[in-house]
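# Observations on the model geometry
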Amino acid sequence: MSDPYDVIIVGGGPGGYVGAIRAAQLGLKVACVEKRGALGGTCLNVGCIPSKALLQSSHHYESASHEFAAHGVKTGKVTVDLKTMMGRKEKVVEDLTKGIEFLFKKNKIDYIVGEGTIISADSVGVTPEDGKKQILKTESIIIATGSDVAPLPGADIDEKKIVSSTGALALKKVPRSMVVVGGGVIGLELGSVWRRLGATVTVVEFLDNILPGMDAEVVKQMTRTLKKQGIKFKLKTKVASAKTAKDGVTLSVEPRDGGNAEEVKADVVLVAIGRRPYTDGLGLDTVGVAMDDRGFITVDHDFQTNVPGIYAIGDVIGGAMLAHKAEEEGVAVAELIAGQSGHVNYDAIPGVVYTWPEVATLGKTEEQLKEDGTAYTVGKFPFSANSRARCIADSEGFVKVLADAGTDKVLGVHIVGPAAGDLIQEAVSVMEFGGSAEDIARTCHAHPGLSEAVKEAALAVGARAIHM
Ligand code: FAD
Ligand code: NAI
C-alpha cells in the first residue's frame, strides 16, 4: 500500500477543488475524490457557469432585438439559434472543468474518479462507476459534497417538463410558457433567460415577496423591474399538485392563506425552491458525523466535525450556498489543517443575482439594522444620475450604503444596477478593512464610471452627494 495522504477531499466543487489546491500549495499530499466525471462541482457543471453563459447569450439576444436600434445600430430580424447557444455554454463549461484538471496536475493533486465513502476517520473507500473499490488511507478528510435540488412534493422532476435548474439549463427548445416555482435566485436568473428567449414566465412564490431576506428596497425595485420586463408574479401562493401531459404541465395553485385553487398551464415548470445538503452514500452514519435536523453537517469554527480528523466545508455545512463562500472555506480549512490560522469573514460575503439589472448585496439590510436596534445612516444614489449609466443606456437601479450612525463604519451595501456584481467588490474590500462611508467618499473614482454611483451613495451618507 502507498503512503497515506495528508488530506483526502471528497467532492471536487468550488469548496473541494480550491481546498485541494491550497493544501497542495502548503506542501500536503492531497487526493480529491469526485464522482461526477468532471471537476468543478455544481458550480461549473450545472450551476454558476452554465447559467451565466446562458444569461449572457440571452442578454445579447434581448439587446439586439430591442436595444440596438436606439443606438442607431440596425439589424435584420434577430433570431435565436438555441443549439449554437447551448453548444457555446457546453464549451465554456468543458474548458473550465478541464482547466481545473490542469491545475490539479500542476499542483500534483491526485484526482480520483469515483464515489467516496468514509470508512473511518483515516480511510476513504472509492468506487468508480465500472471498477473495483479501492481504500485510501489519510491523516484528514474534508467533506465537500455540496448540495442537490430540493424536491417539491406533488411535482416530480422529470427534467423534461418538470425541470430543476439542471434541466432548465439544457432545454431543447424555447418553451412558449414556463412556470417557475420559487422566486429566489435560480428562479429569477433562469426565468430571465427563458423570458428573454421568448417564453411567457410566471413565478409562483410562497412568501410575501421574491428574493426573501434581501433589503426591502432592492426587492421592491426588482419586482417592479422584472414585471416591466414581462415576468408575472403570483406571490403568497403554493403549488398543490402537478399533472404532466403530452402538451405540458397543469399546476393546481392555491393562495397560501386560504382561498380557491386555480389551474395554471405551462409547457415547462421549473422547480427552484432551494437546495438541500448532499450526503447520500457518504457513510456518515457509520462514522458518526453529526448533522442538524435539516441534514447539514455541523462543524465548529475550524470546520471540524464532531469526529476528530474529519472536516466539512461548502454547501454541505449550510449558510450562504455560494461558490465563493465554499472557496473561502476551502482555503481556510486547508490552512488550518496545515497548522496555519485560516478563517472566513462571514460578514463580508457578497451575494449577486445575475439578472439584468444585476442585484448585489453585502452585509446588513436596513431591516436587519432596525431589528438589531443599530443606529444607522443611509446614503442612496440612482443610476439615472450617473453619466456612464446614461451613456450605456442602463440607468435603472441605485446604490444604497448603510453606515453606523456613530462611527460611519460601512455596515451594508445594496446595489441594483448595471454590473452591480462587480461594483459591490469595492464595498467588500472596504468592509474587510473595517472602513467607513467617508473612506469610499474620499476615494477618487474614474469618470465616467459606474463606480461613481458607489462614491456618490457614500457621499450621500453624509448628505453631500454632488450629482443629486
Ligand atoms: P458542489 O459544487 O455541489 O460540489 C460538490 C461535488 O461533490 C459535486 O461535484 C458532487 O458530484 C461531488 N460529490 C458528492 N458526493 C460525493 C461522493 N460521495 N463522492 C465523490 N464525489 C461526491 N453560486 C455562486 O456563488 N454564484 C452563482 O452565480 C451561482 N449560480 C448557481 C446557479 C445554479 C443553477 C445553481 C444550482 C447553483 C448556483 N450557485 C451559485 C451555487 C453554487 O453552485 C454552490 O454554492 C457551489 O457549487 C457549492 O460548492 P461546493 O463545493 O460546496 O459543492
Ligand atoms: P432560494 O433559496 O434562493 O429561493 C427559493 C425560493 O423558493 C424562495 O423565495 C422561497 O421562499 C421559495 N419557496 C420555497 N418553497 C416554496 C414552495 N413550496 N412554493 C413556492 N415557493 C417556494 O433557492 P434557489 O433559487 O433554488 O437557489 C438555491 C441556491 O443556489 C441558493 O441558496 C443560492 O444561493 C444559490 N444560487 C446562487 C446564485 C447566485 O449567486 N447568483 C444563482 C443561483 C443559485
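Okay, so let's go over this structure. (Residues numbered from 1 in each chain as written. Chains lettered and ligands numbered in written order. Predicted model: local features only at pLDDT ≥ 70, side-chain atom pairs only at ≥ 80, totals over all residues. Heavy atoms only, no water.)

## Remarks on the site of ligand 1
- Inspection of the region around ligand 1 gives 39 residues, with Glu-34, Thr-42, Lys-52, Gly-116 and Ala-323 positioned closest.
- Lys-52 places a polar side-chain atom, nitrogen or oxygen, 2.7 Å from an oxygen atom of ligand 1.
- Here an oxygen atom of ligand 1 sits 3.2 Å away from a polar atom, N or O, in the side chain of His-324.
- In the complex, the protein chains occlude 95% of the 1,000 Å² of accessible area that ligand 1 would expose alone.
- Mapped onto the shell around ligand 1, the elements with two or more residues apiece are helix H1 (14–25), strand S2 (30–34), helix H2 (41–46), helix H3 (48–67), strand S4 (115–120) and helix H9 (323–337).
- Sorting elements by how many residues they give to the shell around ligand 1 places H2 first, with 4 residues.
- Within the shell around ligand 1, the residues separate by chemical class into 15 nonpolar, 17 polar and 7 charged. (Near = heavy atom within 4 Å. Polar contact = N/O pair within 3.5 Å; in protein donor to acceptor, adjacent residues only side chain to side chain. Areas by Shrake-Rupley, 256 points an atom, 1.4 Å probe, with all protein chains shown as cover. Helix = DSSP H or I, 4+ residues; strand = E, 2+ residues; numbered from the N terminus. Nonpolar A, V, L, I, M, F, W, Y, C, P; charged D, E, K, R; others polar.)

## Details of unusual backbone geometry
- Of the consecutive residues Trp-356 and Pro-357, the connecting peptide bond is found in the cis state with omega at -5 degrees.
- For Pro-357, the location among the structural elements is in the loop between strand S18 (351–353) and strand S19 (358–363).
- Note that the residue after His-447, namely Pro-448, is joined by a cis bond; omega there is -10 degrees.
- Examined against the element boundaries, Pro-448 turns out to sit in the loop between helix H13 (437–441) and helix H14 (452–461).
- Even without a glycine there, the phi angle at Leu-211 is positive, about 45 degrees.
- In this structure, Leu-211 sits in the loop between strand S10 (200–204) and helix H7 (216–229).
- Its identity is not glycine, yet Ala-393 carries a phi of approximately 55 degrees, on the positive side.
- Turning to its location among the elements, Ala-393 is positioned in the loop between helix H11 (387–391) and strand S21 (398–404).

## Re the site of ligand 2
- Around ligand 2, the surrounding shell holds 22 residues, and the nearest of these are Ile-186, Glu-189, Glu-205, Gly-274 and Val-352.
- Here Gly-274 contributes a backbone N or O atom positioned 2.9 Å from an oxygen atom of ligand 2.
- Contact between ligand 2 and Met-321: an oxygen atom at 3.1 Å from a main-chain N or O atom of the residue.
- Contact with the protein chains covers 77% of the free accessible surface of ligand 2, which is 850 Å².
- Of the residues forming the shell around ligand 2, the biggest block, 3 residues, is contributed by helix H6 (residues 185–196).
- Looking at the shell around ligand 2, its residues break down into 14 nonpolar, 4 polar and 4 charged.

## A short note on the side chain of Lys-325
- By the secondary structure assignment, Lys-325 is in helix H9.
- Among the polar contacts made by the side chain of Lys-325, one reaches the main-chain carbonyl oxygen of Gly-314 at a distance of 3.2 Å.
- Discounting residues that sit within four places of it in the chain, Lys-325 has contacts with Gly-314, Ile-317, Gly-318, Ala-320, Tyr-346 and Ile-349. (Contact = heavy atoms within 4.5 Å.)

## Section: the layout of surface pockets
- Approximately 330 Å³ is the volume found for the second largest pocket.
- Among the residues making up the lining of the second largest pocket, the classes are represented as 5 nonpolar, 2 polar and 9 charged. (1 Å grid on protein atoms, 1.4 Å probe; cavity = no way out; pocket = protein on both sides within 12 Å on 5 of 7 lines; lining within 4 Å. Points joined across faces, edges and corners; volume = space filled by probe spheres on them.)

## Concerning the environment of Lys-91
- Relative to the assigned elements, Lys-91 resides in helix H4 (residues 82–106).
- Measuring from C-alpha to C-alpha, the distance between Lys-91 and Pro-50 comes to 9.5 Å, with 41 residues separating the pair along the chain.

## Some thoughts on the sheet that holds strand S12 (residues 237–245)
- Strand order in the open sheet made by the 3 strands is S12-S13-S14, with antiparallel pairing throughout. Only two strands of the sheet have a single partner each, and these edge strands are S12 and strand S14 (262–266). Going across the sheet, the axis of each strand differs from the next one's by a mean of 25 degrees, ignoring polarity. (Pairing = 2+ DSSP bridges. Axes fitted to C-alpha atoms, helices over the stretch in contact; angles between N-to-C directions.)

## Some points on the packing of H3 against H4
- Interhelical geometry of H3 versus H4 gives an angle of 140 degrees and a closest axis separation of 9 Å. Relative to H4, H3 is oriented so that their crossing is right-handed. When H3 is examined against H4, the residues Ile-49, Pro-50, Ala-53, Leu-54, Gln-56 and Ser-57 are found in contact with a partner set consisting of Met-85, Met-86, Arg-88, Lys-89, Val-92, Val-93 and Leu-96. (Left-handed = near helix turned anticlockwise from the far one by under 90°.)

## Quick look at the pattern of salt bridges
- A full pass over the atoms with the stated rule returns 22 salt bridges.
- For Lys-228, the salt bridge is made with Glu-396, and the minimal N-O distance between the two is 3.1 Å. Of this pair, Lys-228 sits in helix H7 while Glu-396 is found in the loop between H11 and S21, placing the two residues 168 residues apart along the sequence.
- Residue classification places Lys-228 among the exposed positions, given a relative accessible area of 65%.
- Given the relative accessible area of 25%, Glu-396 is considered partly exposed.
- Each of Asp-215, Glu-217, Glu-366, Lys-370, Lys-380 and Lys-400 takes part in salt bridges that share partners, so that together they form one network. (Salt bridge = Lys/Arg side-chain N within 4 Å of Asp/Glu carboxyl O. Buried < 20%, exposed > 50% of the residue type's maximum accessible area, 1.4 Å probe, protein only.)

As far as function goes, none of this settles anything; it's purely spatial.
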